[in-house]
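Observations on the model geometry
Here is what each chain is made of, one letter per residue.
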Amino acid sequence: GASKRDVRQKVWDYLEASGLAEFPRPVHHRIPNFKGSHQACCSVKELDVFNRASEIKVDPDKPLEGVRLAALQARKTLLVPTPRLRTGLFNKIVPPSGATKEILRICATSQGIKEYSVPVGLDGKARVDLVVVGSVAVSEKGWRIGKGEGYADMEYAMMVSMGAVQSDTPVITIVHDCQVVDIAEELLGDHDLTVDYILTPTRTIKTHCKRPKPQGIIWHKATQKSYEMLEKIPVLKSLRYREKQTGKDVTLQDEHPDLANANTPAALNEKVMAENTRPQAATGSAQIGQHYVESDSLNPRLEGSDMITTVYVGNIPPSLRVSELKCALREFHATPLRLNWQGAQHRAFLDYKDKATAESAVSSLKGLSLGGNTLRVELAKSQRNKGQVEINSQK
């Protein structure tokens, strides 16, 4: 039988060959935009599940622009996943006060998502009443095939894990009539998201789908692609860390349990402590191991090095303890040379041996959520504070 790849290719080819494809072109390897997408989107306003919903999650794909606009016009809370989840899970679109119809149209576009949004992390207390996803193909039974990267499935599973959706939260997809095709059920996996409503330019289809939706991240079935996604998506690593903290087994496929346990904060702390007790080679300047030093200021003995690069960590919640930040830094393999904790100012500064190491730490920590806040992580604008006091690095 046809594979998912075969089904995608057939739909993409047909949309292009028939003149139904719309910008951005070509539609291959995308959630395809099509002629009549706005008309299909407008049908959402006729659904009770839309009218009853107060908080709606809509994917950022071009053919769903009309649904995003309808949500904003109806004064609903609109959540849009960040592209490829690079900087977090959601953006909440916040139109300016007194926004005109034209401004709302801009807010519904990809440019508007960038200009009029605020981030919502794992602990953002989102309560999504309706989910709208794009599709490459979908069957009348509700079986869905995306573009093959797994982001819509991943986003839904993450929403389940953070309590943002329930088992009965309806899911809608918007497609052209030609994208409604027969799909063999054996092509679906436990991680695949199904849909309850299909809107096309000419039809509204209620699928009555009984297949259970994903019930969270299925860590033990993680494939090589999942490993790659884990490295690329900080918020996914943050979720895994949080679930591990609650005692859930988050061992990945082909990952030995001992190896998974070796990455727990306790094990990492033992490893760091062991490294710190090794004799350090004598050098002309103070040699500082890869370990934490709590201090009220940065060590001026680092001042002479042009290589040291500082990372700023902001939006630290008042309730967070320095030990919790240390634990997370170890978990995400972002251990600095030195940690300058300024909890009263809701911030911390992390020193790394060079810019490359600092940038790697920023990438690893982007989207990290602790104590209910998504941390702000970036290279520090000023690499040093004034009025520093020397601290013994070997404490």
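- As annotated in an unreviewed UniProt entry, the chain carries the name Methenyltetrahydrofolate synthase domain-containing protein and is attributed to Nyctibius grandis.

**A look at the pairing of strand 8 (residues 171-174)**
- Residues V171 and T173 of strand 8 are buried on one face, and the alternating residues I172 and I174, pointing to the opposite face, are buried as well.
- Two elements, strand 5 (residues 130-134) and strand 8, share 4 bridges in a ladder whose sense is parallel. Bridge assignment links V131 to a residue of strand 8, and that residue is V171.
- Of the pairings in the sheet, the one linking strand 8 to strand 9 (residues 197-199) comprises 3 bridges and is parallel in character. From the neighbouring strand, I174 faces strand 9, where its bridge partner is L199.

**Quick notes on the packing of aromatic side chains**
- Going through the model one piece at a time under the given rule, you end up with 1 aromatic pair.
- Geometry around F50 places K76 over its ring, the cationic atom sitting 5.0 Å from the centre.

**As for the pattern of salt bridges**
- Counting across every chain of the model gives 15 salt bridges.
- Between R203 and E140 there is a salt bridge whose closest N-O contact spans 3.2 Å. Taken together, the residues R203 in the loop between strand 9 and strand 10 (204-206) and E140 in the loop between strand 6 (137-138) and strand 7 (144-145) connect sequence positions 63 residues apart.
- Note on R203: relative accessible area 34%, which makes it partly exposed.
- Here K213 makes a salt bridge to D196, at a shortest N to O gap of 3.1 Å. A residue pair is termed long-range when its members are at least 10 positions apart, and K213 in the loop between strand 10 and helix 8 (224-232) and D196 in the loop between strand 8 and strand 9 qualify at 17 residues.
- Owing to a relative accessible area of 10%, K213 belongs among the buried residues under this scheme.
- The buried category is assigned to D196, whose relative accessible area is 15%.
- It is possible to trace a salt-bridge network through shared partners that takes in K57, D59 and E155.

**Details of the confidence of the model for the chain**
- Chain-level statistics for the chain give a pLDDT mean of 80 and a share of 78% at 70 or above.
- Confidence drops under a pLDDT of 50 for residues 259-304, and excluding neighbours within four residues, the segment shows 93 contacts in the predicted structure.
- The low-confidence segment residues 383-395, where pLDDT is below 50, has 38 contacts with residues more than four positions distant or belonging to other chains.

**A look at the sheet that holds strand 1 (residues 55-58)**
- A sheet is described by the order of its strands in space; here 8 strands give the open sequence 4-3-2-1-5-8-9-10, paired in mixed fashion. Every other strand in the sheet has two partners, leaving strand 4 (117-120) and strand 10 as the edge strands with one partner each. The average angle at which neighbouring strand axes cross in this sheet is 25°, direction not considered.
- Its contacts with the sheet put helix 4 (residues 65-73) on strand 1, strand 2 (77-81), strand 3 (90-93), strand 5 and strand 8, and the angle it makes with strand 2 is roughly 150°.

**Overview of the side chain of N33**
- Tracing the backbone shows N33 in the loop between helix 1 (4-17) and helix 2 (37-42).
- Within polar-contact distance, the side chain of N33 engages the backbone oxygen of F23 at 2.7 Å.
- Ignoring sequence-local partners within four residues, the contact set of N33 consists of L20, A21, E22, F23, P24, V27, K62 and P63.

**Remarks on the packing of helix 9 (residues 234-245) against helix 12 (residues 322-331)**
- At a closest axis distance of 11 Å, the pairing of helix 9 and helix 12 adopts a crossing angle of 120°. Taken as axis vectors, helix 9 and helix 12 run oblique relative to one another. Where helix 9 crosses over helix 12, the handedness of that crossing is right-handed. Between helix 9 and helix 12, the residues in contact are Y241, K244 and Q245 and E324, C327, A328 and E331, respectively.

**What about the side chain of T173?**
- Its place among the elements puts T173 in strand 8.
- Polar contacts involving the side chain of T173 include one to the side chain of S135, which spans 2.6 Å.
- Aside from chain neighbours lying at most four places away, what touches T173 is V133, G134, S135, V138, V195, Y197, I198 and L199.

The rules we used
- Residues numbered from 1 in each chain as written.
- Predicted model: local features only at pLDDT ≥ 70, side-chain atom pairs only at ≥ 80, totals over all residues.
- Heavy atoms only, no water.
- Buried < 20%, exposed > 50% of the residue type's maximum accessible area, 1.4 Å probe, protein only.
- Helix = DSSP H or I, 4+ residues; strand = E, 2+ residues; numbered from the N terminus.
- Pairing = 2+ DSSP bridges.
- Phe/Tyr/Trp six-rings, centres within 6.5 Å; stacked < 30°, edge-to-face > 60°.
- Lys NZ or Arg CZ within 6 Å of the ring centre and 35° of its normal.
- Salt bridge = Lys/Arg side-chain N within 4 Å of Asp/Glu carboxyl O.
- pLDDT = per-residue confidence, 0-100.
- Contact = heavy atoms within 4.5 Å.
- Axes fitted to C-alpha atoms, helices over the stretch in contact; angles between N-to-C directions.
- Polar contact = N/O pair within 3.5 Å; in protein donor to acceptor, adjacent residues only side chain to side chain.
- Parallel < 35°, antiparallel > 145°, perpendicular 65-115°, else oblique.
- Left-handed = near helix turned anticlockwise from the far one by under 90°.

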